[in-house]
Amino acid sequence: MASTKRIILIIGGGAAGAAVASSLSQSLDASAYTLQLVTERSFSIIYPGMLRALTTSEGGFDERALMSYDKLFAPGKPGEVIVGSVASIEDGTAHLADGRTLAYDWLVLATGTLWEGPLALPQDRERAREWINDWHAKLAEAKDIVIIGGGAVGIGEINILVEFSGEIRHFLSPDKRITIVHSQDQLLNAAYPPKYRNSILKAAEAKGINVVLNDRAAPPQGDYTSIRTENGVEIPADLVITVRGGKLNTAFLSSFDSTILTTSGSVKVLPTLQVPLTNGKSNVFAIGDIIEWPQQKMVSKVPTQASVVVANILSAVKGAPMKQQYKGFMEAISVPLGPEGGRSFIPVLWGVIVGDFFTSTLKGKALFVDQGRRGYIAPQLR
């Protein structure tokens, strides 16, 4: 006899997908609903902690920034984690790359951003550990490290340029020469005031990090001892790290409904975080980095977005109107330069810039890893 349970399918096992899955599981009756989370890895990555994890084993970040899903759902509550890659979607069905199909009544898209470079960890956990160890060795051996951007100017990419340089400077030999190459006239981007962007620059330079602005560089081919920028600057280099990010993981949606994607690949959403489908249905939601919204893409937005999606799905399953709306989130930012420095910006009053002590206390020391891990543990199991 076919199951009469209604199915909620969440695609994406990062912070956004896990937040929705965990919260829904607490509120749904397991006898009436099936809740499934599809993720490409059997573990999740706590990205704020990964740059330290790649730099050093000190503090155990190389272990703690990788989190399993085994405690995401409490016993007796609905919830199942399915490891697989979604190849395509049609109305009511998701097709996995290995041939499996998953039905759904409600769908949540939380597929996030695809990274290249150091953050492009393999999908197998053992290989991911080897990847981390390889980066420890590369960074320890290098004497002249150059970190260059490689794509559109997104805040995630620029944060990596700055934060990675701070981690390397703090944990590895002070004799290493570290250079950032960035295409704009200031670090970060124009979402933040020039005074704050300049404060980040000065803080980085005070730590002995060389910053080349208004310039670009291509990754060198073959053996190299230096790189030359487009403006002709010769920079000594025995390790060049290219940071490419910002590629939204949404290509699989084009065959589902191409009208929901912008030219940049983000997913159009209504204030309810529903996706406006051409078939007129209202059972698909999107959350996290992939949504088209006039804001910077940061994990700090996830809890607010998740609360909107969860509230509206819980209304939908009861046949009630979906009234919760996402209204954005303030563009605060904290950019540590290792565990003991950095700058933060709080957009209140005239815009408040705070320095090393506040940034270290807020983010630099622990990098939100403990908070991130809590998001993958059901309240009953904490």
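See the structure shown above.
What you see is a predicted model; the values in this text were computed from it and never measured.

S.K.: Looking at this structure, how should I read the overall build of the protein?
M.R.: Looking only at helices and strands, one finds 9 helices and 21 strands in the protein. Its C-alpha atoms give the protein a radius of gyration of 22 Å, within 12% of the compact-globule value 21 Å for 382 residues. If you line up the protein on its principal axes, its C-alpha atoms span 70 × 45 × 40 Å. For the protein, with 382 residues in total, the buried portion stands at 51%. Excluding contacts between residues fewer than 6 apart, the proportion of contacts in the protein whose partners are at least 24 apart in sequence is 66%. A total accessible area of about 17000 Å² is found for the protein, and carbon and sulfur atoms account for 51% of it.

S.K.: Mind showing me how you'd approach the nonpolar core here?
M.R.: Most often, soluble globular proteins keep nonpolar side chains buried together rather than apart. Leu24, Met50, Ile89 and Leu109 are the most contacted members of the largest nonpolar core, which totals 107 residues. The element contributing the most residues to this core is helix α7 (residues 302-317), with 9 residues. If near-sequence neighbours (up to four positions away) are discounted, leucine 24 is found in contact with Ile8, Ile10, Leu35, Val310, Ile313 and Leu314. Listed in part, the 9 residues of the second largest apolar core include Val146, Ala217, Ile227 and Ala237.

S.K.: Teacher, can you tell me more about the pattern of salt bridges here?
M.R.: Pairing is possible between side chains of opposite charge, provided their charged atoms come close. Here the structure, examined in full by the defined rule, presents 12 salt bridges. A salt bridge links arginine 177 to aspartate 144; its shortest N-O distance comes to 2.5 Å. With arginine 177 in strand β12 (residues 177-181) and aspartate 144 in strand β11 (residues 144-149), this pair connects stretches of sequence that are 33 residues apart. The salt bridge partner of glutamate 163 is lysine 363, with a shortest N-O separation of 3.3 Å. With glutamate 163 in helix α5 (residues 155-171) and lysine 363 in helix α8 (residues 356-364), the pair connects residues that are 200 residues apart, well separated along the chain. Each of the two residues, glutamate 163 as well as lysine 363, counts as buried. Members of the salt-bridge network, linked through shared partners, are Asp62, Glu63 and Arg129.

S.K.: Explain the packing of aromatic side chains to me, please; I cannot follow it from the model alone.
M.R.: Per the stated rule, a full pass over the model turns up 5 aromatic pairs. Between tyrosine 69 and tyrosine 376 the ring centres are 5.8 Å apart and the planes differ by 70°, which places this aromatic pair in the edge-to-face class. Here tyrosine 376 lies in the segment after α9 (369-374) and tyrosine 69 lies in the loop between β4 (66-68) and β5 (80-83), a separation of 307 residues in the sequence. Classification of tyrosine 376 by relative accessible area gives buried; the value is 2%. Taken together through their ring pairs, the aromatic side chains of Tyr192, Tyr196 and Phe345 make up a single cluster. Arginine 52 extends its terminal NZ or CZ atom over the ring of phenylalanine 61, reaching a point 5.1 Å from the ring centre. Its guanidinium or amino end placed over the ring of phenylalanine 61, arginine 64 lies 4.8 Å from that ring's centre, counting from NZ or CZ.

S.K.: Quick question: what am I supposed to make of the packing of helix α1 (residues 15-27) against α7 here?
M.R.: In a packed pair of helices, the relevant descriptors are the angle between the two axes and the axis-to-axis distance. Across the interface, α1 lies against α7 with an axial gap of 9 Å and an inter-helix angle of 40°. Taken together, the axes of α1 and α7 are oblique relative to one another. Handedness of the α1/α7 crossing: right-handed. Contacts between α1 and α7 involve Ala15, Ala16, Ala19, Val20, Ser23, Leu24 and Ser27 on the former and, on the latter, Val302, Ala306, Val309, Val310, Ile313 and Leu314. The class makeup of the residues in the contact of α1 with α7 is 11 nonpolar, 2 polar and no charged.

S.K.: What exactly am I supposed to notice about the pairing of strand β6 (residues 86-90) here?
M.R.: On a regular strand, one side chain projects to one face of the sheet and the next to the other, so that they alternate. Bridging between β6 and strand β7 (residues 93-96) involves 4 bridges; their strand directions are antiparallel. Bridging from a neighbouring strand, glutamate 90 pairs with threonine 93 of β7. Where β6 folds back on β7, the antiparallel hairpin that results is connected by 2 residues, among which glycine 92 adopts a positive phi of roughly 90°.

S.K.: Hey, could you run me through α1 in this one?
M.R.: Spacing of three or four residues puts side chains on the same side of an α-helix, whose turn is 3.6 residues. With 13 residues, α1 should cover 18 Å at 1.5 Å per step; its first-to-last C-alpha distance of 19 Å lies within 8% of that length. Those residues of α1 that sit buried are Ala16, Gly17, Ala18, Val20, Ala21, Ser22, Leu24 and Ser25. Buried residues along α1 sit against β1 (6-11), β2 (33-39), β9 (106-109) and α7.

The rules behind these values
- Residues numbered from 1 in each chain as written.
- Predicted model: local features only at pLDDT ≥ 70, side-chain atom pairs only at ≥ 80, totals over all residues.
- Heavy atoms only, no water.
- Helix = DSSP H or I, 4+ residues; strand = E, 2+ residues; numbered from the N terminus.
- Rg over C-alpha atoms; globule rule 2.2 N^0.38 Å.
- Buried < 20%, exposed > 50% of the residue type's maximum accessible area, 1.4 Å probe, protein only.
- Contact = heavy atoms within 4.5 Å.
- Areas by Shrake-Rupley, 256 points an atom, 1.4 Å probe, with all protein chains shown as cover.
- Core = buried A, V, L, I, M, F, W, Y, C linked by side-chain atoms within 4.5 Å.
- Salt bridge = Lys/Arg side-chain N within 4 Å of Asp/Glu carboxyl O.
- Phe/Tyr/Trp six-rings, centres within 6.5 Å; stacked < 30°, edge-to-face > 60°.
- Lys NZ or Arg CZ within 6 Å of the ring centre and 35° of its normal.
- Axes fitted to C-alpha atoms, helices over the stretch in contact; angles between N-to-C directions.
- Parallel < 35°, antiparallel > 145°, perpendicular 65-115°, else oblique.
- Left-handed = near helix turned anticlockwise from the far one by under 90°.
- Nonpolar A, V, L, I, M, F, W, Y, C, P; charged D, E, K, R; others polar.
- Pairing = 2+ DSSP bridges.
- Expected span 1.5 Å × (residues − 1).

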